[in-house]
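So you can see what is in the structure, the chains are spelled out below.
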Amino acid sequence: MTDAVPVERIAGDARDLRRAEQEGLGLCLSGGGYRAMLFHLGSLWRLNEAALLPDLDRVSSVSGGSIAAGLLGLRWRGLEFRQGVASRFEPLVAAPLRALAGRTIDEGAILSGALLPGAIAVRVEAAFRDHLFGDATLQDLPRDSEGPRFVINATSVQTGGLWRFSRPFMADWRVGRFFEPRVPLAFAVAASCAYPPVLSPARLRLVPGLFTRVEPAELFRSPFSSEAVLTDGGVYDNLGLETVWKRYSTVLASDGGGHLEPEGNPKRDWARHALRVHEIIDNQVRTLRKRQLIGSFKAGYRKGAYWSIRCDPADYGVLALPCADEARARLAGVKTRLEAIDDRLPDQLINWGYAACDVALRAHVRPGLTLPAGFPYPGSPLDGRP
C-alpha cells in the first residue's frame, strides 16, 4: 500500500478549502527525526538542481524538517547561486546534515536532563548549537528581500496553537507578535523537535512589554506573554503546511513522516498505552493535513506537488530513478529519533528524497525537467540491499 501521491488518484473534500491570498511558491518540510531530515535533504538537493530554491517565497518546517530548513536558512547567503543553482549547496548544507546523522542527540539529552539540573530540551538545544548552528539567532536568517522567509514551527502547550519562529517575528495568533526576535536558532529548532513526552517541553522566557497585540490576540497577557511553553511542531501540523497553504498559490510538500502500523496486541501499561494513543493522534493529524492539501490540488485552489517517504514512484506516471520496493519500505521504517544512523542508510535516505522529489516535480511542476543521470550518492543505490 502506498502513501497518497498523485493528486488525480486521491479524493479530497474541497468544501472547506479556500483560495490562496497571493501568488507565490512555498515549501513544506515535515517532521520525522533524522529520517525526515535526510529525506528532505535529498529533496532540497533536487530542488537546487532544478533551480527552484531561489523561486521559493517561504520554507515552513516542523521537527526533523526544521533541522534541514534551519541550516539552509543560515547558510543561504553563502550558497552562491548561479543561474538559480547554488554551487555551494553540498559543502554548506548537505555535508553538515549528513555528518549530524552520525551523532545521537536525543538519548544523551534525556539521560543528562533527567539526572542533572536543566531541562532535556536545553540539552538538545546545546547539541544543535555545537554541531550546526553555533551562536546564530533568528536574525541570521535571510531577510525577505534576500531569499525565502523561513518559518520554524513549534506548538504552544499553553494555547494549543502554532508558535512560529521567523526573522521578522515570532508569534502565537492568540497571544501576539514579538518583532525582530534574537532567539537562538538552535533553540527554535530544538523547540520544533521537542517530541513529546521525552524531549518536551521547551521553555522560552519572554519580555511582556516587547509583545505587540495583533487581533484577535485574546490571550495578550501574562503568563502567556511572559513565557512560551512549547512542544514539537508536528503536534499541531506535522506537514508544516499551515503557514504556506494559507498564503501561497503553489505548494510543494515533502513528507518524511512516519506511518502507523497496526498492532494486534497493543501494550496495556499506562506509559506504552499513552505512547500508542499519541501515535494514533499524530497519524490522524497528518492524514487530515494531507487530505486538505490534496483536496486543494483537486479543486484547483492550489498548484504544486506532494511526495512522501512511502510513495511509489510508479504512481506518478513518469520515468523514475530505480527505487526497489524493499529499499523504500526499509527507509520508511527508520525510527523517528535523533539517533545516529549507520552504514549506507543516511546516503540512501538522501537518495530516496532526491528521487521522490524528482518524480513529483516532473509530473506536476516542471514537466520539462530531464530525468537525472543518477543519485547524489551513487555508491548507495536503492536496489533492495541493506
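Relevant structure appears above.
Reading guide: rules and limits
Residues numbered from 1 in each chain as written. Predicted model: local features only at pLDDT ≥ 70, side-chain atom pairs only at ≥ 80, totals over all residues. Heavy atoms only, no water. Buried < 20%, exposed > 50% of the residue type's maximum accessible area, 1.4 Å probe, protein only. Helix = DSSP H or I, 4+ residues; strand = E, 2+ residues; numbered from the N terminus. Pairing = 2+ DSSP bridges. Axes fitted to C-alpha atoms, helices over the stretch in contact; angles between N-to-C directions. Parallel < 35°, antiparallel > 145°, perpendicular 65-115°, else oblique. Contact = heavy atoms within 4.5 Å. Nonpolar A, V, L, I, M, F, W, Y, C, P; charged D, E, K, R; others polar. Salt bridge = Lys/Arg side-chain N within 4 Å of Asp/Glu carboxyl O.

Attention shifts here to the pairing of strand β11 (residues 227-232). Along β11, six of the six residues are buried, which leaves the element largely enclosed by surrounding structure. Pairing geometry for strand β5 (residues 149-156) and β11, over three bridges, is antiparallel. Residue pairing for β11: Ser156 is matched across the bridge by Leu230. Pairing geometry for strand β9 (residues 202-205) and β11, over four bridges, is antiparallel. Bridging across to β11, Ala202 finds its partner in Leu230.

Our focus in this paragraph is the packing of helix α3 (residues 89-100) against helix α5 (residues 120-133). Close contact between α3 and α5 brings their axes to 10 Å; oriented N to C, the two are set at 140 degrees. On the basis of the axis angle, α3 is oblique to α5. Seen from α3, the contacting residues are Pro96, Leu97 and Leu100; seen from α5, they are Phe128, His131 and Leu132. Taken together, the residues of the contact of α3 with α5 break down into five nonpolar, one polar and no charged.

Moving on, we get to the pattern of salt bridges. Under the definition given, this model contains 19 salt bridges. The closest approach of N and O atoms between Arg46 and Glu49, which form a salt bridge, is 3.2 Å. With Arg46 and Glu49 both in helix α1 (residues 33-49) and three residues apart, the pair spans about one turn of that helix. We classify Arg46 as buried; its relative accessible area is 5%. In this structure, Arg46 engages Asp358 in a salt bridge whose closest nitrogen and oxygen atoms are separated by 2.9 Å. You can see Arg46 sitting in helix α1 and its partner Asp358 sitting in helix α11 (residues 345-364), a full 312 residues away along the chain. The pair formed by Arg46 and Asp358 is uniform in burial state, with each residue classed as buried. Linked through salt bridges whose partners overlap, the residues forming this network are Arg46, Glu49, Asp358 and Arg362.

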